[in-house]
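Results of the structural survey
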Amino acid sequence: MKCATQTIYAMMKQKDPYQVEFHQAVEEFLLSIDKIIEDLPHITYHKVIERMIEPERAIIFRVPWIDDEGVVQINRGYRVQMNSALGPYKGGLRFHPSVNLSIIKFLAFEQTFKNSLTGLSLGGGKGGSDFDVKGKSDGEVMRFAQSFMTELSRHIGADTDVPAGDIGVGSREIGYLFGQYKRLRNEFSGTLTGKNPLWGGSYIRPEATGYGLVYLAASILEDHHETLENKRCIVSGSGNVAQYTVEKLLHLKAVPVTLSDSTGCIIDNDGFDAEKLEFVKELKNIRRGRISAYTEKYPNATYIPANGLRGSNPIWEVEADCAFPCATQNEINAADAQHLADNKVILVAEGANMPTTLEAVDILQHNRIHYAPAKAANAGGVAVSGLEMAQNSSRIQWSPKEVDRKLLQLMKGIYREISTTAQRYSTKENLVDGANIAGFLRVASAMIDQGYV
Ligand code: NDP
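Computed from a predicted model, the values in this text were never measured in an experiment.

**Topic: the environment of Met-82**
When you line up the elements, Met-82 lands in strand β2 (residues 72-83). Between the alpha carbons of Met-82 and Lys-126 there is a distance of 7.9 Å; along the sequence they are 44 residues apart.

Here it is in structure tokens:
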């Protein structure tokens, strides 16, 4: 790193020494900003970077709720309101036992630049809780969500902060959160996105992150005179993003062959089809089962249990042309990236947030694999959330076809923006630099216009 960025990075680490995920996100960002920092006016821009890595507000709160046995349980809730230079804070809620302040800060930081890339009027934020939805009854999830919203409702609003879903927060949880917000405020407003289209949601919001990811991957390949047709694809995860990634890959005649969850992965060398995907959706969204059940229904497929001691994840050893990590952060380490390179994978597009470690990104780029970073590649979800906010404000609802068309245009626009920015400031292939620099310049310019606030 250059001297200026190195100083900012060192100060941030000293202030919050244990926030390792946040350090990782900031380091990746600063390595790109390094390419332009010496050309930026020192007084204004360096101070802007210092402010950007400090959340405008971070709220931590107690969430008490009563389980089915009548016992009081306590979880911790978070909302990090990172940056409102471009619009109301916007970003999802994650319910997962691993959630802590470092993870929410890294997600809110990434979200700020991702939202900037959409070109919509959206600031950046993120929230969640260490609550584990797995193994809880509907009643327990509802009581937890109501208690969580009772505190969160003081800090959000349609023009202030608009949360959505993330890991562990799907349509069921959004319903309970919205219901409680409506009851507390006595208003039916667009304060949450990802709502059911029956009551204020946008069509294509559930599909948007996965569909948008595949649209962006297709744009990259098109730029290199390639398509997704007949490409074997590795997809990790089996939640919202993974399911709709597989669905869009099937629409474009690609051959997705894997899925996973925290217990292991399945490999179906025949490829998924619409019927197999429907089985996965029912398994994960309704029955809330484990991905291993896939091999009971389709015995030709193989199941490999997760093994944390192995040092690499077998899913990234599967022979394929393209890879779509759609589960969680740091799921591709250096050993995994080497396996992808050895197998001559041509493209890695990130559905999950920060799924690739810094060392792994280096290996992918060194091997000239097209690498689409999460900030750009998974921006389709928040882009359609932005469209949901627009529909809510004007009390209208666009058709699924209309929203899908807008999503495709948005993702093509994001690819154009990051590749031209990469070409201008770095190399055309370095979409990490393209996404970081393009996202940064828009946020920085708005912050400078608005003074030292
Ligand atoms: P879901 O909760 O629907 O699915 C998450 C999937 O990832 C599940 O299959 C889950 O397995 C797996 N998973 C979660 N944590 C781990 C872990 N520690 N190790 C292994 N597997 C894990 O979440 P989403 O699909 O919504 O989110 C997936 C990723 O996409 C996240 O990084 C999220 O931040 C990102 N994202 C989501 C957006 C959205 O619109 N939903 C928008 C942009 C990014 P299991 O069922 O066993 O827990």
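Having seen the model, we can carry on.
**A few points about the domain arrangement of the protein chain**
The domains assigned to the protein chain are domain 1 (3-187) and domain 2 (208-368). The straight-line distance from the C-alpha centre of domain 1 to that of domain 2 is 26 Å. Each side of the interface is counted separately: domain 1 has 15 residues, and domain 2 has 12 residues. Buried area between domain 1 and domain 2, both sides added, is near 1100 Å², and the carbon and sulfur share of it is 51%. The interface formed by domain 1 and domain 2 holds zero salt bridges in total. The interface formed by domain 1 and domain 2 contains three residue pairs in polar contact (both at pLDDT 80 or more). The set of elements that each furnish at least two residues to the side of domain 1 that touches domain 2 consists of α2 (20-37) and α4 (101-118). Ranked by residues supplied to the side of domain 1 that touches domain 2, first place goes to α2 with five residues.

**Structural notes on the state of the cysteines**
In the structure shown here, the tally under the stated rule is zero disulfides. Cys-233 supplies the cysteine sulfur nearest to Cys-322, a cysteine that is in no disulfide, at a spacing of 4.6 Å. Relative accessible area serves as the criterion here: at 0%, Cys-322 is assigned to the buried category.

**A few points about the sheet that holds strand β10 (residues 302-305)**
Taken in spatial order, the three strands of this open sheet run β8-β9-β10, and their pairing is antiparallel. Both outer strands of the open sheet, β8 (258-261) and β10, are each paired with one neighbouring strand and no more. Here the strands of the sheet are splayed against their neighbours by 15° on average, with no regard to which way each runs. Bridge count for strand β9 (residues 264-267) against β10 is four bridges, and the pairing is antiparallel. Along β10, the bridge assignment pairs Ile-267 with Thr-302.

**Re the site of the ligand**
With respect to spatial proximity, 25 residues lie near the ligand, and among them Asp-166, Thr-209, Asn-240, Ser-262 and Asn-353 are the closest. The contact in question runs from an oxygen atom of the ligand to an N or O atom on the backbone of Gly-351, over 3.5 Å. Out of a free accessible area of 890 Å², the ligand has 83% covered by protein chains. Elements represented by at least two residues in the shell around the ligand include exactly α7 (205-223), α8 (240-251) and β8. In the shell around the ligand, the residues fall into five nonpolar, 13 polar and seven charged. When residues are assigned to domains, the shell around the ligand turns out to be shared by domain 1 (3-187) and domain 2 (208-368), each giving three or more.

**Examining the pairing of strand β4 (residues 124-129)**
Of all six residues making up β4, six are buried, and the element is well covered by its neighbours. Of the two faces of β4, the one holding Gly-124, Lys-126 and Gly-128 and the one holding Gly-125, Gly-127 and Ser-129 are both buried throughout. As defined by bridge partners, β2 adjoins β4 across six bridges and the pair is classed as antiparallel. Across the sheet, Gly-77 pairs through a bridge with Ser-129, a residue of β4. Relative to β4, strand β3 (residues 89-95) runs parallel, the two sharing three bridges. What sits directly across from Leu-93, in β4, is Gly-127. Regarding the hand of the β-α-β motif, the stretch spanning β3, α4 and β4 is right-handed.

**Comments concerning unusual backbone geometry**
Residue Asn-330 is not a glycine yet carries a positive backbone phi of 55°. Examined against the element boundaries, Asn-330 turns out to sit in the loop between β11 (322-324) and α11 (334-342). Take Asn-330: its relative accessible area is 31%, and that puts it in the partly exposed class. The phi angle at Met-354 is positive, at roughly 50°, despite the residue not being glycine. Position of Met-354 among the secondary structure elements: in the loop between β12 (347-349) and α12 (358-366).

Reading the values: the criteria
Residues numbered from 1 in each chain as written. Predicted model: local features only at pLDDT ≥ 70, side-chain atom pairs only at ≥ 80, totals over all residues. Heavy atoms only, no water. Helix = DSSP H or I, 4+ residues; strand = E, 2+ residues; numbered from the N terminus. Domains from an automatic or database assignment. Contact = heavy atoms within 4.5 Å. Buried area = accessible area lost by both parts, 1.4 Å probe. Salt bridge = Lys/Arg side-chain N within 4 Å of Asp/Glu carboxyl O. Polar contact = N/O pair within 3.5 Å; in protein donor to acceptor, adjacent residues only side chain to side chain. Disulfide = S-S within 2.5 Å. Buried < 20%, exposed > 50% of the residue type's maximum accessible area, 1.4 Å probe, protein only. Pairing = 2+ DSSP bridges. Axes fitted to C-alpha atoms, helices over the stretch in contact; angles between N-to-C directions. Near = heavy atom within 4 Å. Areas by Shrake-Rupley, 256 points an atom, 1.4 Å probe, with all protein chains shown as cover. Nonpolar A, V, L, I, M, F, W, Y, C, P; charged D, E, K, R; others polar. Right-handed = clockwise from strand over helix to strand, strands pointing away.

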